[in-house]
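Summary of the model geometry
Here are the chains, one letter per residue:
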Amino acid sequence: ACGFISETILVTLVMPMLLMVWRGMPREPGRDLRPLLVLFALLVCYGSNMGGPGSPAAGGRNAIMVGILADYGHAPTFLQWMRYGLPFVPVAALVLGLYFRIVFRRHLPAAGLDAALVARQESERIGPVTRDERITAVVTLLVVAGWLLGGERLGMGGPVLAGLVVLNV
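Residues numbered from 1 in each chain as written. Predicted model: local features only at pLDDT ≥ 70, side-chain atom pairs only at ≥ 80, totals over all residues. Heavy atoms only, no water.

Attention shifts here to the overall build of the chain. Helix and strand counts for the chain come out as eight helices and zero strands. Walking the chain from its N terminus toward its C terminus, one meets helices and strands in the order α-α-α-α-α-α-α-α. For the chain, the spread of C-alpha atoms along the three principal axes comes to 60 × 40 × 20 Å. Relative to its full complement of 169 residues, the chain shows a buried share of 28%. Here the chain displays about 11,200 Å² of accessible surface, and carbon together with sulfur accounts for 69% of that area. Of note, the chain has its 14 positive side-chain charges centred 5 Å away from the centre of its 10 negative side-chain charges. (Helix = DSSP H or I, 4+ residues; strand = E, 2+ residues; numbered from the N terminus. Buried < 20%, exposed > 50% of the residue type's maximum accessible area, 1.4 Å probe, protein only. Areas by Shrake-Rupley, 256 points an atom, 1.4 Å probe, with all protein chains shown as cover. Lys, Arg positive; Asp, Glu negative; His and termini not counted. Charge placed at Lys NZ, Arg CZ, Asp CG, Glu CD.)

Following this line, the structure appears as C-alpha cells:
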C-alpha cells in the first residue's frame, strides 16, 4: 500500500487499528504491554517508508526525483519506475521484519498474545464495511489504474483530481 499512497496517509490509516489491537490485548499482572505499543509504532513508521521506492506516487520525494530526472531528459514513466523500484520493496520489508524480530524479541511479552484474534474481535466490534468505504476503495483503485494506464497523457495529478471529483459528487 505504501508504494501507492504517501507514508503519512498510511500511518494515519494504520496506527489507529494498531492502537485498537493493543488496547484490546488481555492485561495480566506483571506483563507490561508498552513495548508492544512501541514496536507497533516503529513498525508502521519504518514499514510505511519501505514502500516509497515502489512507485513515484508514494510521496513528494519521488515526484521531486521524477522532476529532477525530467530536467536531465531521463524521466522514467510510472511503469518504468515500478519495474526498477518495486522489487526492492519485499526484500526491504523482509530485512526490516528480521531486524525487528532480532532486536525486540527479548523485550516483548509475546508468549500467549494473539494479535490476529484481537484484531478480528476489534473489527467485528466496528462492524461491516460501509457503502461509502467501498466507494472510496474503488475510487482509490481507479486512481492507481489511471496512473498506470494514463501514462504521460494524464500525468500524476489528473487521476487524483478526477478521483476527488468523483468522491465529492
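Right, let's get into helix H2 (residues 34-50). For H2, spanning 17 residues, the distance from its first C-alpha to its last is 24 Å, which sits close to the expected 24 Å at 1.5 Å a residue. Those residues of H2 not exposed but buried are Leu-36, Leu-39, Phe-40, Val-44 and Ser-48. Down the axis, H2 shows its buried residues gathered within 145° of arc, on one side only. Looking at the buried residues of H2, the elements they touch are helix H1 (7-24) and helix H5 (88-104). (Expected span 1.5 Å × (residues − 1). Arc of directions from axis to C-beta. Contact = heavy atoms within 4.5 Å.)

The next point concerns the nonpolar core. Formed by 14 residues in total, the largest nonpolar core has its most connected members in Met-25, Leu-36 and Phe-40. Put simply, the parts of the chain that give this core at least two residues each are H1, H2 and H5. If you look at the next biggest cluster of nonpolar residues, it comprises seven residues, including Ala-57, Met-82, Val-139 and Val-143. (Core = buried A, V, L, I, M, F, W, Y, C linked by side-chain atoms within 4.5 Å.)

For the pair H1 and helix H6 (residues 115-126), interaxial distance at closest approach is 9 Å and the crossing angle is 110°. Looking at the two axes, H1 sits roughly perpendicular to H6. Contacts between H1 and H6 involve Met-20, Val-21 and Gly-24 from the first element and Ala-115, Val-118, Ala-119, Glu-122, Arg-125 and Ile-126 from the second. (Axes fitted to C-alpha atoms, helices over the stretch in contact; angles between N-to-C directions. Parallel < 35°, antiparallel > 145°, perpendicular 65-115°, else oblique.)

This brings us to the packing of aromatic side chains. Applying the stated criterion across every chain, the model contains three aromatic pairs. By the ring-pair criterion, three or more aromatic residues cluster together here, those being Tyr-46, Tyr-99 and Phe-100. For Arg-83, the ring lying beneath its charged end belongs to Tyr-84, and the centroid distance is 5.2 Å. (Phe/Tyr/Trp six-rings, centres within 6.5 Å; stacked < 30°, edge-to-face > 60°. Lys NZ or Arg CZ within 6 Å of the ring centre and 35° of its normal.)

Quick look at a nonpolar patch on the surface now. Taken together, Ile-64, Met-65, Ile-68 and Tyr-72 make up a surface patch of nonpolar side chains, about 440 Å² in accessible area. Within the secondary structure, Ile-64 is located in helix H3 (residues 60-71). Given the relative accessible area of 55%, Ile-64 is considered exposed. (Patch = residues over 30% accessible without salt bridge, like charges linked within 9 Å, V, L, I, M, F, W, Y side chains within 5 Å. Salt bridge = Lys/Arg side-chain N within 4 Å of Asp/Glu carboxyl O.)

Glancing now at the side chain of Ser-48. Mapped onto the elements, Ser-48 comes out in helix H2. Polar side-chain contacts of Ser-48 include one of 2.9 Å to the backbone oxygen of Cys-45. (Polar contact = N/O pair within 3.5 Å; in protein donor to acceptor, adjacent residues only side chain to side chain.)

Okay, the packing of H1 against H2 next. Packing of H1 against H2 leaves a shortest axis separation of 9 Å and a crossing angle of 160°. One element, H1, and the other, H2, form an angle in the roughly antiparallel class. Like other packed secondary-structure pairs, H1 and H2 cross with a definite hand, here right-handed. Contacts from Glu-7, Leu-10, Val-11, Val-14, Met-15, Leu-18, Leu-19, Val-21 and Trp-22 in H1 reach Arg-34, Leu-36, Leu-37, Phe-40, Ala-41, Val-44, Cys-45, Ser-48 and Asn-49 in H2. (Left-handed = near helix turned anticlockwise from the far one by under 90°.)

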